[in-house]
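Observations on chain architecture
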Amino acid sequence: MSSKIKIIGITGSLRVKSYNRAALRAAAELLPDGSTMEIVDLSPIPFFNEDVEAAGVPQVVMDFKEKLAAADAILIATPEYNYSIPPVLKNALDWASRGTELPLSGKPLAIMSASPGMFGGARVQYHLRQVCVRLDLQTLNNPEVFIASANTKFDQDGNLIDDFTRISITKLLLALINKTQERNKTN
Ligand SMILES: Cc1cc2nc3c(=O)[nH]c(=O)nc-3n(C[C@H](O)[C@H](O)[C@H](O)COP(=O)(O)O)c2cc1C
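These notes cover the structure that comes with them. (Residues numbered from 1 in each chain as written. Predicted model: local features only at pLDDT ≥ 70, side-chain atom pairs only at ≥ 80, totals over all residues. Heavy atoms only, no water.)

This part covers the overall build of the protein. A tally of helices and strands in the protein yields 6 helices and 6 strands. When the helices and strands of the protein are placed in sequence order, the string is β-α-β-α-α-β-α-β-α-β-β-α. In terms of C-alpha radius of gyration, the protein reaches 16 Å, essentially the compact-globule figure of 16 Å for 187 residues. With the principal axes as the frame, the protein shows a C-alpha extent of 50 × 45 × 25 Å. The buried share among the 187 residues of the protein stands at 48%. Within the protein, contacts between residues at least 6 apart in sequence are counted, and of these 78% link residues at least 24 apart. In the form shown here, the protein has an accessible surface area of approximately 9,900 Å², with 52% of it arising from carbon and sulfur atoms. The distance from the centre of the 20 positive side-chain charges to the centre of the 20 negative ones in the protein is 3 Å. (Helix = DSSP H or I, 4+ residues; strand = E, 2+ residues; numbered from the N terminus. Rg over C-alpha atoms; globule rule 2.2 N^0.38 Å. Buried < 20%, exposed > 50% of the residue type's maximum accessible area, 1.4 Å probe, protein only. Contact = heavy atoms within 4.5 Å. Areas by Shrake-Rupley, 256 points an atom, 1.4 Å probe, with all protein chains shown as cover. Lys, Arg positive; Asp, Glu negative; His and termini not counted. Charge placed at Lys NZ, Arg CZ, Asp CG, Glu CD.)

And the structure:
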């Protein structure tokens, strides 16, 4: 009997009406059978500070790292801030990169980004990929999911209302699950 694939969903936006959070919620609804997703809230994670770390890693950070360690795969949906990674996401990844237990090492990662702009956050994805090399994440190269004009792709309640985006997210999830199954077979 095979157990379910556990995916952790992370977004770099703390905004209540975030398009990226809405994209993660849509992904959770589009997951194929045999997989689950938990969307993690990054808002309680403090700013990384080596003094704080030396005094004792905060419990919220340990809880976050434990969730990552227990996951089979990661899905990040992030905004683009000034062509790059929002601080809340980079901060969480920085915490995850510290210590002897590296919970992300070797794990499959899928990235998507949503923006009201016409490029859908394409530029942040390439900065994020670079950081993920250091974290030893196995980032999917394809398909790439850029949710451009995001303000037209979700309704007022954050429901996904665009078929092309729905298909794109479904393909990304299938690719992530395939890669995760391959990895789980060899581990
Ligand atoms: C500080 C800041 C910088 C931004 N820079 C970019 C950018 O470089 N490219 C872009 O497409 N949108 C940019 N935006 C607009 C965001 O795409 C937009 O606020 C988006 O809704 C954020 O994602 P969210 O809806 O998930 O919160 C920026 C927004 C902020 C607050």
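What follows covers the site of the ligand. Residues in close proximity to the ligand total 13 residues, the closest being Ser13, Ser18, Asn20, Glu80 and Ser115. Backbone polar atom of Tyr83 to an oxygen atom of the ligand: 2.9 Å apart, as the coordinates give it. Starting from 610 Å² of accessible surface for the ligand in isolation, the protein chains cover 70%. (Near = heavy atom within 4 Å. Polar contact = N/O pair within 3.5 Å; in protein donor to acceptor, adjacent residues only side chain to side chain.)

The final tally for this structure, using the stated rule, is 6 salt bridges. Across the pair Glu80 and Arg123 runs a salt bridge, and its minimum N-O distance is 3.0 Å. Residue Glu80 is located in the loop between β3 (73-78) and α4 (87-96), and its partner Arg123 is located in helix α5 (residues 122-134); the two are separated by 43 residues in the primary sequence. Residue class for Arg123 comes out partly exposed when judged on its relative accessible area of 31%. Here the residues in one salt-bridge network are Glu50, Glu53 and Arg98, joined through shared partners. (Salt bridge = Lys/Arg side-chain N within 4 Å of Asp/Glu carboxyl O.)

This paragraph deals with the environment of His127. For His127, the position within the fold is in helix α5. The sequence separation of His127 and Tyr83 amounts to 44 residues, and the corresponding C-alpha distance is 8.3 Å. Setting aside residues up to four positions removed in sequence, His127 forms contacts with Tyr83, Ser84 and Ile85.

Attention now moves to the packing of aromatic side chains. Here the distance between the centres and the angle between the planes together describe a pair of aromatic rings. Using the criterion set out here, one finds 2 aromatic pairs in the structure. Where Phe48 meets Trp95, the ring centres are 4.7 Å apart and the plane angle is 70 degrees; that geometry is what we call edge-to-face. Note that Phe48 is positioned in the loop between β2 (35-40) and α2 (50-55) and Trp95 in helix α4, a separation of 47 residues in sequence. Geometry around Tyr19 places Arg15 over its ring, the cationic atom sitting 5.3 Å from the centre. Over the face of the ring belonging to Tyr83 we find Arg123, whose NZ or CZ atom lies 3.9 Å from the ring centre. (Phe/Tyr/Trp six-rings, centres within 6.5 Å; stacked < 30°, edge-to-face > 60°. Lys NZ or Arg CZ within 6 Å of the ring centre and 35° of its normal.)

Attention now moves to helix α1 (residues 19-30). Given a rise of 1.5 Å per residue, 12 residues ought to cover 16 Å, and the 16 Å separating the end C-alpha atoms of α1 matches this to within 8%. Where α1 is buried, its residues meet β1 (5-11), β2, β3, β4 (108-114), β6 (145-147) and α6 (163-186). (Expected span 1.5 Å × (residues − 1).)

β1 sits mainly inside the fold: 6 of its 7 residues count as buried. In the sheet, β1 pairs with β2 via 6 bridges, with the strands oriented parallel. If you follow Ile10 over to β2, its bridge partner there is Val40. The parallel pair β1 and β2, bridged by α1, forms a crossover whose chirality is right-handed. The sheet contact formed by β1 and β3 spans 5 bridges and is parallel. (Pairing = 2+ DSSP bridges. Right-handed = clockwise from strand over helix to strand, strands pointing away.)

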